[in-house]
Amino acid sequence: MARFQRMRGKAVFYPVGWDDNGLATERRVQNHYGVTCDPRLPYRPGLTPPGPGGTARQPVSRRNFTELCRELTTADELAYEQAWRRLGLSVDWATCYRTVGDRAAAASQRAFLRALAAGQAYQATGPVLWDVTFGTAVAQAEIEDRAVRGSRWRVAFTLGDAGEGRPAEVVVETTRPELLAACVALVAHPADERYRHLIGATARSPVFGVPVPVLAHRLADPAKGTGIAMCCTFGDVTDVAWWRDLALPARPVIGPDGRIAAQAPGAITTAAGRAAYAELAGLAVRAARDRAARLLAAAGALRGGPEPVTHQVKFYEKGEAPLEIIGARQWFLRNGSGDPRLREELLARGRELRWHPPHMRARFEDWVNGLTGDWLVSRQRFFGVPVPVWYPVGEDGAADHGSPIVPGEDRLPVDPSAGPPPGYAEAQRDAPGGFTADPDVLDTWATSSLTPQIAGGWPDDEDLFRRVYPMDLRPQAHEIIRTWLFYTVLRSHVLEGTLPWRHAAISGWVVDPDRSSKKMSKSAGNVITPAGLFGAYGADAARHWAASARLGVDTVFDPAQVRVGRRLAIKILNASRFVLGLGLPEPPPGPGWPVTAPLDRALLARLAEVTGRCTAAMERYDHALALDLAEGMFWRFCDDYLELVKPRARAAGADPAGAGSAVTALREALSVLLRLLAPVLPFATEEAWSWWHDGSIHRAPWPDPARIGPPGPPGPDGLEAASAAIGAIRRARSRAGISQRAEVARLTAAGPRQELDALAAVLGDVRAAGRVREVELVAAGTPQATYAVQL
């Protein structure tokens, strides 16, 4: 698209940046260098990491760790840049930025501080999705469901005396008995007749003997399990909704390390209950689950199970263990989940944006309408843009998180862990009466959501920003509509009150060559690196394969399709060499030989029509259709037209006007076709263009359909008729197993008069190219002409 718009005479701003912070980068650095980050350690200048071969990772300071992150990402980015340059991406490398660079960090922190001042950013303590693998909170947009095999148990809660000395009980079904100590209520649907009489009663949990109320809530599913469920703090997002809506207490038992907390909840008051909890304390979740099931069995509280089950469990998209929900203090940005006005404004932005393909807008709207909480933007990690906040420390040594200290924008970017806030000295860090730094970094999306602003020089280069913002196009894949696209729309709406770009081109995935429909990705380990592809087939071939993929549709990586692109690139060079090797008859009349032959005029008329359709497709961001049209026309040009006019083009002595018409048409068609194909195959077209033009083809004007071919009506479509006739001759020779240069005794065409007239106009070229001695044209009532070939 960038190359196309340049050829349309536009000034194109095509920036490039590296998104190099985030959890995936930290994991790669840990594995590559054999280190782990311990922010309590002092900085060691000149640290030599042990490398990946050791059995244990070496703890290093935060500064040492982030230096290693920068070192490795710099090397990785150099490899990517080399690949992208070889691929021919026409980005402006002078605009290159990194999401951990000073320019991006300053923009990210500036936007955060402005959101904080406007009440858009806020800090809150409450349940958050927590990845125990990375030890950090994650946002709703970063989670995915995975099928996990587990077990389910039926557990009895006592309800008091039911007569005859037997306690009544209510049975719940659970896959997480390890959360029994965190149970704060039993919840049933208000319309469920089985449990309506129990609403308001008190049950007692088995093993721990904690009284819990029986309550009603619309989110309880009568068809799930026994129809009544434990509300534990916290097993899933439904537990969070119940906890909030029913104003329940919190009794968390799982810590940030994914283990059962050492201290039992205060609600467990019996000696037996505390003894049972002590058996769970310190265990990882899976081990605690098995131990809790054994405790239930020993207490006689199991009414069924374990029964095998496969169910959907939420994971962080890059994590290895199921997410937990723990209580933590975090930073959030308002995203419309709890603000109907903001939600409607964002939906309106989605309708304002022009989507390619249009149906992708539904994914945006579904995401906005399905948000259940504000955007959690703080991460408990190390390599990223620091949250630009400090807190005063009271004389009692406690931090006052309700009174954050912020820097002036002229100081950005800042690292609160490395420098003091305004009005303080470094010696006051973590001391009574001093300050302490916010230890977190911002979510990588909090910076990537500002890429239009970062690339556009906001806010320092006002002239550039005014000229390029809002931008025209965001190209991206469909699975990050909920993250990159949504977050970018949100930030631009809040900061500037506008869309960040006018169009969104949404691509599909590249999926496994075994056609398993599995996405190819670095994390999945099923990628094909480009170096071998470029070496075997060339960059143009790789570009051709990629550009053939329609927007919004997944594409299988198939080397056979890459070979198609290589064949096309080679044919461009060979066809150009042949056409440019044909000389024009001398001397040319006036300004040059006019295109007068019916076949030549028909070719250029068809080319003008295809050029118009290609242009329209590119204007609506349908690059795959534009390529298909241009490529189809190029092969028609080579396989049919070029072969048909060879004899006439070479007969300058016998027919200078006919040869002049042919060579002029050939060169004009070649010029147009090279330019139509240049955005996709920049190397082959640039090479061929350089053989007869000064300057780059990528600065040449995009062909104008109105200026292709001679003026006046083109006449009958002789190209179609000639192609059909020569095709019939080729097939006859192939069936007979004889040379394609063998003579044809007689060609008979029977069909509608209009087709016969078109064929008659180009009969000289058909006879010469097909080596046909006699031709008979027979009018018939058939819908299209048929051909009989006598060899």
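Described below are features of the structure shown in this document. (Residues numbered from 1 in each chain as written. Predicted model: local features only at pLDDT ≥ 70, side-chain atom pairs only at ≥ 80, totals over all residues. Heavy atoms only, no water.)

**Re the overall build of the protein**
Alright, step 1. Each helix and strand in the protein was counted, giving 23 helices and 27 strands.
Alright, step 2. Radius of gyration (C-alpha) of the protein: 36 Å, far over the 28 Å computed for a compact globule of 791 residues.
Alright, step 3. Summarising its shape, the C-alpha atoms of the protein cover approximately 115 × 70 × 55 Å along the three principal directions.
Alright, step 4. The buried share of the protein, reckoned over its 791 residues, is 48%.
Alright, step 5. Taking the intrachain contacts of the protein between residues at least 6 apart in sequence as the baseline, contacts between residues at least 24 apart amount to 73%.
Alright, step 6. Taken as a whole, the protein presents about 35,800 Å² of accessible surface, with 52% of it coming from carbon and sulfur.
Alright, step 7. Charge centroids of the protein, computed over 92 positive and 87 negative side chains, lie 4 Å from each other. (Helix = DSSP H or I, 4+ residues; strand = E, 2+ residues; numbered from the N terminus. Rg over C-alpha atoms; globule rule 2.2 N^0.38 Å. Buried < 20%, exposed > 50% of the residue type's maximum accessible area, 1.4 Å probe, protein only. Contact = heavy atoms within 4.5 Å. Areas by Shrake-Rupley, 256 points an atom, 1.4 Å probe, with all protein chains shown as cover. Lys, Arg positive; Asp, Glu negative; His and termini not counted. Charge placed at Lys NZ, Arg CZ, Asp CG, Glu CD.)

**A closer look at helix α6 (residues 271–280)**
Alright, step 1. All buried positions along α6 are accounted for by G273, A276, Y277 and L280. All buried residues of α6 lie within an arc of 100° about the axis, which places them on one face of the element. For α6, exposure combined with an orientation more than 90 degrees from the buried face picks out A271, A272 and A278.
Alright, step 2. Elements in contact with the buried residues of α6: α7 (285–298).
Alright, step 3. Looking at the residues trailing α6, positive phi occurs at G282, about 85°. (Arc of directions from axis to C-beta.)

**Examining the side chain of D540**
Alright, step 1. With respect to the element layout, D540 can be found in helix α15 (residues 539–547).
Alright, step 2. R543 provides the closest opposite charge to the buried, unpaired D540, separated from it by 4.9 Å.
Alright, step 3. Excluding its chain neighbours within four sequence positions, the residues that come into contact with D540 are A569, V680, L681, P682, F683 and A684. (Salt bridge = Lys/Arg side-chain N within 4 Å of Asp/Glu carboxyl O.)

**Some thoughts on the sheet that holds strand β27 (residues 786–790)**
Alright, step 1. Spatial ordering of the open sheet is given by β26-β25-β27, a layout of 3 strands whose pairing is mixed. Of all the strands in the sheet, just β26 (772–779) and β27 have a single pairing partner and so form its edges. Each neighbouring strand pair of the sheet contributes to a mean axis angle of 15°, computed without reference to strand direction.
Alright, step 2. With 7 bridges joining them, strand β25 (residues 744–751) and β26 adopt parallel strand pairing. Paired with A750 across the bridge in β26 is V778.
Alright, step 3. Along the sheet, helix α22 (residues 753–761) makes contact with β25, β26 and β27, crossing β26 at roughly 155°.
Alright, step 4. Its contacts with the sheet place helix α23 (residues 763–770) against β25 and β26, and it is angled at close to 135° to β26. (Pairing = 2+ DSSP bridges. Axes fitted to C-alpha atoms, helices over the stretch in contact; angles between N-to-C directions.)

**Focus on the nonpolar core**
Alright, step 1. Formed by 71 residues in total, the largest nonpolar core has its most connected members in I572, L607, F634, F637, Y641 and L666.
Alright, step 2. For this core, the element with the most residues is helix α18 (residues 623–649), which contributes 14 residues.
Alright, step 3. Residues in contact with Y641, not counting those within four places in the same chain, are L599, D600, L603, R636, A662, A665, L666 and L719.
Alright, step 4. In terms of nonpolar packing, the next biggest core, distinct from the first, is built from 59 residues, Y391, Y469, L490 and A504 among them. (Core = buried A, V, L, I, M, F, W, Y, C linked by side-chain atoms within 4.5 Å.)

**Quick look at the side chain of R289**
Alright, step 1. With respect to the element layout, R289 can be found in helix α7.
Alright, step 2. Classification of R289 by relative accessible area gives buried; the value is 18%.
Alright, step 3. Within the structure, the side chain of R289 is placed 3.0 Å from the side chain of E178, a separation counted as a polar contact.
Alright, step 4. Among all residues touching R289, those that are not within four sequence positions of it are W153, T175, R176, P177 and E178. (Polar contact = N/O pair within 3.5 Å; in protein donor to acceptor, adjacent residues only side chain to side chain.)

**Examining the packing of α18 against helix α21 (residues 718–736)**
When two helices pack together, their arrangement is given by the angle between the helix axes and by the axis-to-axis distance.
Alright, step 1. Put simply, α18 and α21 touch, their axes get as near as 10 Å, and they point 85° apart. When the axes of α18 and α21 are compared, the pair comes out roughly perpendicular. Contacts between α18 and α21 involve R636, D639, D640, Y641, E643 and L644 on the former and, on the latter, L719, E720, A722, S723, I726 and R730.
Alright, step 2. Here the residues of the contact of α18 with α21 sort into 5 nonpolar, 1 polar and 6 charged. (Parallel < 35°, antiparallel > 145°, perpendicular 65-115°, else oblique. Nonpolar A, V, L, I, M, F, W, Y, C, P; charged D, E, K, R; others polar.)

**Digging into the pattern of salt bridges**
Alright, step 1. Counting across every chain of the model gives 45 salt bridges.
Alright, step 2. The partner of D463 in a salt bridge is R466, with the nearest N and O atoms 3.3 Å apart. Remark: R466 and D463 occur in helix α12 (residues 462–468); sequence separation between them is 3 residues, near one turn of the helix.
Alright, step 3. A relative accessible area of 38% places D463 in the partly exposed class.
Alright, step 4. Residue class for R466 comes out exposed when judged on its relative accessible area of 59%.
Alright, step 5. Measuring nitrogen to oxygen at the nearest pair gives 2.8 Å for the salt bridge that ties D600 to R648. Taken together, the residues D600 in helix α17 (residues 598–619) and R648 in helix α18 connect sequence positions 48 residues apart.
Alright, step 6. Judged by relative accessible area, which is 0%, D600 ranks as buried.
Alright, step 7. Salt bridges sharing common partners tie together R606, R636, D640, D717, E720 and R730.

**Quick notes on the packing of aromatic side chains**
Alright, step 1. All chains considered together, the criterion is met by 20 aromatic pairs.
Alright, step 2. A centroid spacing of 6.2 Å and a plane angle of 40° characterise the contact between W18 and Y80, whose relative ring orientation is tilted. You can see W18 sitting in strand β1 (residues 17–18) and its partner Y80 sitting in helix α3 (residues 62–87), a full 62 residues away along the chain.
Alright, step 3. With a relative accessible area of 9%, W18 lands in the buried category.
Alright, step 4. Here the aromatic rings of F134 and Y316 are separated by 5.8 Å at their centres, their planes lie at 90°, and the arrangement is edge-to-face. Placement of F134 in the loop between β5 (121–131) and β6 (136–137) and of Y316 in strand β13 (residues 302–316) is noted, with a sequence separation of 182 residues between them. Accessibility classification places F134 together with Y316 in one group, the buried group.
Alright, step 5. Each member of the aromatic cluster is reached from another via a ring pair, and the members are W355, F364, W375, F486 and Y487. (Phe/Tyr/Trp six-rings, centres within 6.5 Å; stacked < 30°, edge-to-face > 60°.)

**Considerations on the environment of L215**
Alright, step 1. With respect to the helices and strands, L215 occurs in strand β11 (residues 211–216).
Alright, step 2. The partly exposed category is assigned to L215, whose relative accessible area is 21%.
Alright, step 3. Residues L215 and C232, 17 residues apart in the sequence, show an inter-C-alpha distance of 13 Å.
Alright, step 4. Those residues in contact with L215 that lie beyond four places of it in its chain are A185, L186, V187, A188, I199, L246 and L248.

**Things to note about the pairing of β11**
Consecutive side chains of a regular strand alternate in pointing toward one face of the sheet and then the other.
Alright, step 1. Where strand β9 (residues 183–188) lies against β11, 3 bridges are found, and the strand directions are parallel. Bridged to L186 within β11 is V214.
Alright, step 2. As defined by bridge partners, strand β10 (residues 202–204) adjoins β11 across 3 bridges and the pair is classed as antiparallel. From the neighbouring strand, T202 faces β11, where its bridge partner is P213.
Alright, step 3. Hairpin connection between β10 and β11: a loop of 6 residues separates the two successive antiparallel strands, and V207 in this loop has a positive phi of roughly 70°.

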